[in-house]
Amino acid sequence: MVGNGEPKPSKRGLLVVISSPSGGGKTTVVRRLLEKGGEEFTRSVSATTRAPRPGEVNGRDYYFLSEEEFRQRIAKGDFVEFAEVHGHLYGTLREQIERELRGGKVILLAIDVQGGLSIRRAFPEDSLLIFLAPPSLEVLEQRLRGRGTDAEEEIRRRLARVPMEMEMASHYDRLVVNDVVERAAEEILQAIRARRAKEELGPAAQVEKG
Ligand code: 5GP
């Protein structure tokens, strides 16, 4: 089998969790990061029990599963983490994450704060947690309404979670304010590059990571 497997990269990949309140702009920032990062970057495709929004594609945006399918996959141990968010189940699939970590990729995960902290517990050496904060609550509310995809009740449900999310964000590695997408994406890119450079210096440089 020698030579037929995946190429052996010199370093392991990195899981980059990007969390924000709903409407915080993480989808746009993740898209921008994928463009900037090129081949080295990829994103985790989560599974969810929520219905697809117009324009969303199964297998690209999410794997859309019934609740029964989702529960079966929990029982099989297919998820690295899963959480209930806004009344639906969302989970990160183990197989993709582990394969791409071995392949040396930077894997972007746009997941909620509970999921982010689970990822850190599961991969303490291989994760970087970034919280994307809206410039203000007013801006967040405007973005949610402007999206026009969610009913009023859904918008209120999403806003009600923000204090909990901000509290959990204090455990994240970095807080980046999403005022202008390009600037926020660049700041995250620098944080990723800095972390990768530190890894190259070897275990001694990891000691002060905390
Ligand atoms: P949306 O329904 O707007 O796409 O996502 C709702 C929330 O679920 C967002 O905060 C999103 O980051 C989070 N989410 C998406 N996928 C996952 C996942 O795999 N795990 C967890 N824990 N949260 C996720």
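Residues numbered from 1 in each chain as written. Predicted model: local features only at pLDDT ≥ 70, side-chain atom pairs only at ≥ 80, totals over all residues. Heavy atoms only, no water.

(A) Structural detail: the overall build of the protein chain. Secondary structure summary: the protein chain contains nine helices and nine strands in total. Over its C-alpha atoms the protein chain spans a radius of gyration of 17 Å, differing by no more than 12% from the 17 Å that the globule rule assigns to 210 residues. The 210 residues of the protein chain split such that 46% are buried. In the protein chain, once contacts between residues fewer than 6 apart in sequence are set aside, the share between residues at least 24 apart is 68%. Side-chain charges of the protein chain comprise 34 positive and 34 negative groups, with the mean position of each set lying 2 Å from the other. (Helix = DSSP H or I, 4+ residues; strand = E, 2+ residues; numbered from the N terminus. Rg over C-alpha atoms; globule rule 2.2 N^0.38 Å. Buried < 20%, exposed > 50% of the residue type's maximum accessible area, 1.4 Å probe, protein only. Contact = heavy atoms within 4.5 Å. Lys, Arg positive; Asp, Glu negative; His and termini not counted. Charge placed at Lys NZ, Arg CZ, Asp CG, Glu CD.)

(B) Structural detail: the pattern of salt bridges. Scanning all chains against the criterion turns up 26 salt bridges. Between Glu95 and Arg99 there is a salt bridge, with the nearest N and O atoms lying 3.2 Å from each other. Here Arg99 and Glu95 lie together in helix 3 (residues 94-102), a separation of four residues that amounts to about one turn. Relative accessible area serves as the criterion here: at 30%, Arg99 is assigned to the partly exposed category. Between Asp112 and Arg161 there is a salt bridge, with the nearest N and O atoms lying 2.9 Å from each other. Here the residue Asp112 occupies a position in the loop between strand 7 (106-109) and helix 4 (113-122), and Arg161 occupies one in the loop between helix 6 (152-160) and helix 7 (162-169), the gap between them amounting to 49 residues. Shared partners join several salt bridges into a network, and the residues in it are Arg32, Glu35, Lys36, Glu182 and Glu186. (Salt bridge = Lys/Arg side-chain N within 4 Å of Asp/Glu carboxyl O.)

(C) Quick peek at the site of the ligand. In the vicinity of the ligand, 17 residues are found, and the nearest of them are Ser46, Arg50, Tyr62, Glu81 and Tyr90. Within the side chain of Arg50, an N or O atom sits 2.6 Å from an oxygen atom of the ligand. Ala110 places a main-chain nitrogen or oxygen 3.2 Å from an oxygen atom of the ligand. In this structure, the ligand is accommodated by the largest pocket. Of all the secondary structure elements, the ones that give two or more residues to the shell around the ligand are strand 5 (79-85) and strand 6 (88-93). (Near = heavy atom within 4 Å. Polar contact = N/O pair within 3.5 Å; in protein donor to acceptor, adjacent residues only side chain to side chain. 1 Å grid on protein atoms, 1.4 Å probe; cavity = no way out; pocket = protein on both sides within 12 Å on 5 of 7 lines; lining within 4 Å. Sits in = over half its atoms within 2 Å of the grid points.)

Note that every value here comes from positions in space, so none of it alone points to a role or purpose.
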